[in-house]
Each structure stands twice: as C-alpha cells, then as structure tokens.
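These are the residues of each chain, in order.
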Amino acid sequence: MRREVTARQLRLATELRRLREAAGFSARQAAALLGVSPAQITHIESALAGVSEQRLRRLASHYACKDEEFIKALVAMATDRTKGWWEEYRGLLPTPFLDLAELEHYARFQRHVAILYVPGLLQTEDYARAVFSARLPELTPEEVELRIQHRMARQSTAVPYEAVLHEAALRIRVGDRAASRAQLARLLEVSEKDHVTLRVIPFDQDGFARASSTMTYVGGPLPKLDTVLRDALHGSAFIDSEAQLNTYRTSLRKVEAASLDPERSRAFIHTLTKEL
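Cut-offs and rules
Residues numbered from 1 in each chain as written. Predicted model: local features only at pLDDT ≥ 70, side-chain atom pairs only at ≥ 80, totals over all residues. Heavy atoms only, no water. Helix = DSSP H or I, 4+ residues; strand = E, 2+ residues; numbered from the N terminus. Buried < 20%, exposed > 50% of the residue type's maximum accessible area, 1.4 Å probe, protein only. Contact = heavy atoms within 4.5 Å. Areas by Shrake-Rupley, 256 points an atom, 1.4 Å probe, with all protein chains shown as cover. Lys, Arg positive; Asp, Glu negative; His and termini not counted. Charge placed at Lys NZ, Arg CZ, Asp CG, Glu CD. Salt bridge = Lys/Arg side-chain N within 4 Å of Asp/Glu carboxyl O. Expected span 1.5 Å × (residues − 1). Arc of directions from axis to C-beta. Axes fitted to C-alpha atoms, helices over the stretch in contact; angles between N-to-C directions. Parallel < 35°, antiparallel > 145°, perpendicular 65-115°, else oblique. Left-handed = near helix turned anticlockwise from the far one by under 90°. Nonpolar A, V, L, I, M, F, W, Y, C, P; charged D, E, K, R; others polar.

A. Inspection of the overall build of the protein at higher detail. Broken down by element type, the protein carries 12 helices and 6 strands. If you line up the protein on its principal axes, its C-alpha atoms span 70 × 40 × 30 Å. Expressed as a percentage of its 276 residues, the buried residues of the protein come to 44%. Sequence-distant contacts, at least 24 apart, represent 72% of the contacts inside the protein between residues at least 6 apart. Carbon and sulfur atoms form 52% of the exposed surface of the protein, whose accessible area is close to 14300 Å². Averaging the coordinates of the 39 positive side-chain charges in the protein and doing the same for the 36 negative ones gives two points 5 Å apart.

Below, the structure is given as structure tokens:
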C-alpha cells in the first residue's frame, strides 16, 4: 500500500476504472478475472496499489480495449520508476507543487492562458518572490524561498510551450517597477527560444470574453491522456475527462484567435517595457 499517491499514479488508476466501467464490469467481476480480491481492484483503482504490466494487459484484454497505443501508454505509467527532482521537496512543499512538476516532466507540450499573472514557467525570481510573499495566509521567508527554488527548477523544461497573456498580466505590478521591467525583459528573452511561443491579448482587442479564464493545458502521451490544470483559492484542480478536455481545446482555439500573432505580441511587450 502506498503512503503517497502522485497525480500520475492517480491518473493511471482513473483510466483503469474508466475502462472497467465502459466494459460494464463490476469491481468484483474484474477481481475474479485476475484471481484477486475485490479489495485489490479497489486499491488499484484508487492508486493505493500498483499494477504489473501483465495484469494491466489482462484487464485491458478482458475490457475489450483494442487501442494498443493507449495500452502502451498505461503500461509506461504503471512500470515507470523514475524518481524525479521534485521528490526532494516532498514533505517540504504541498503535494500539488510536486504533482505539477511531475505532470510537466512527462508533458509533450504545454499551453497556458494567463489573465492576471505571468505564468510560473516564465517568471523571474523577483516576480515569483513578490507573488509568494503576497499569499494569504502569509508564508515564512523559508517557505517563500523553497517555492521560488521549486519554480525556478521547473523552468528547465524544453517541451513546446505556448502562452497567451492578457495585457492585464503584463501591466499589473506584482512587485516594484524594476521587477516589472525585468519581468517584461524576461518575456522578450524567452520568446526568442525555438520551443516557446508567446501571444498577447491587448485591452482593446475584440473577443476577450473567449479568454477570460486562466488555465494550463498539458499534453499527455496521447490526447486522451491530456490534463487541464485550474487554480482556485482552495488549491489546484486536475481535469481529465474527455468531455471537459474537448471544451478546453475549443477554448484554447478561441483564445488564440483573439490574440496577436507572436511578432506583434513581441512588439507590444517591447512597447510596454519602454513605458516603464
């Protein structure tokens, strides 16, 4: 039995439960197929216990799952024993911080819509410090520094990354004038990287209602294993149902349509930098 369950392990468990339910099997029937107790199936489908490749393939066969690429992706999730850098922060930071780093580590691509804040993967240390220092309840200096270290470590990813930033996120001074100027300079710097695409939605751009919600869309090994991350006052939420993923894919297309192209976006950010 696992003491700590990661978001990746939970996603595998969720997908196995969805396969079983789609096939019309009860947990008791699935247990009989493997020759185990119903409790073992419950533990597997709640991520409290792992599952071997052999058992996973047997279940997929009984559930009449013919998608070999999907099965291979699930096997990779079940058998991976990677101990990522984020594990150094276990017990020091809230679990969602670790789950996000793990999700990003395995991502094929990332897309972000930002309305009020510059996304974490694009933040400078001073900007991140201002963000965490403003949190309520207040964090201790040690807690702030741990979060900054973790955020900076996340920025080592080099997967295709596209961010759409509303002008509000560029103009709001999270820190002082110098920090804001440095943050805009960082955006111009990273926008020149081959794997990064930045787009801006100015205040006077039509279609803002289509881009009124912050979100992070993370591509999984297959589209059906994509994940959307939404932040709220009570914490982060990982969304992975196919119906909801389709809704967010549509939202992303509308957001892109309402934004400036990358070259005009760079020019826009450059103009804001000169104003500071």
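B. Representation of the pattern of salt bridges in the model. Here the structure, examined in full by the defined rule, presents 23 salt bridges. Of the charged contacts, one joins Glu256 and Arg111 as a salt bridge, the two residues approaching to 3.1 Å between their closest N and O atoms. Highlighted residues: Glu256 in helix α11 (residues 242-257) and Arg111 in strand β1 (residues 109-114), separated in sequence by 145 residues. On the basis of relative accessibility, which here comes to 30%, the residue Glu256 falls in the partly exposed class. Given a relative accessible area of 22%, Arg111 falls into the partly exposed group.

C. Layout of α11. Spanning 16 residues, α11 covers 23 Å between terminal C-alpha atoms, matching the ideal 22 Å at 1.5 Å per step. Within the span of α11, buried status applies to Leu245, Tyr248, Arg249, Leu252 and Val255. Looking straight down α11, one finds that the buried residues subtend no more than 125° of arc, so they occupy a single side. Exposed side chains of α11 directed beyond 90 degrees from the buried face belong to Ala243, Thr247, Arg253 and Ala257.

D. Spotlight on unusual backbone geometry. Residues Leu136 and Pro137 are joined by a peptide bond in cis, for which omega reads -5°. One can find Pro137 in the loop between α7 (125-133) and α8 (141-154). Even without a glycine there, the phi angle at Ala47 is positive, about 70°. Relative to the assigned elements, Ala47 resides in the loop between α3 (38-45) and α4 (53-62). Given the relative accessible area of 1%, Ala47 is considered buried. You will see that Ala64, though not glycine, has its phi angle at about 60°, which is positive.

E. Local environment of the packing of helix α2 (residues 27-34) against α4. The N-to-C vectors of α2 and α4 enclose an angle of 125°; their axes lie 10 Å apart at closest approach. In terms of orientation, α2 lies oblique with respect to α4. Remark: the crossing between α2 and α4 carries right-handed chirality. From α2, Ala30, Leu33 and Leu34 reach across to α4, where they touch Arg55, Arg58, Leu59 and His62. Residues of the contact of α2 with α4, tallied by class, amount to 4 nonpolar, 1 polar and 2 charged.

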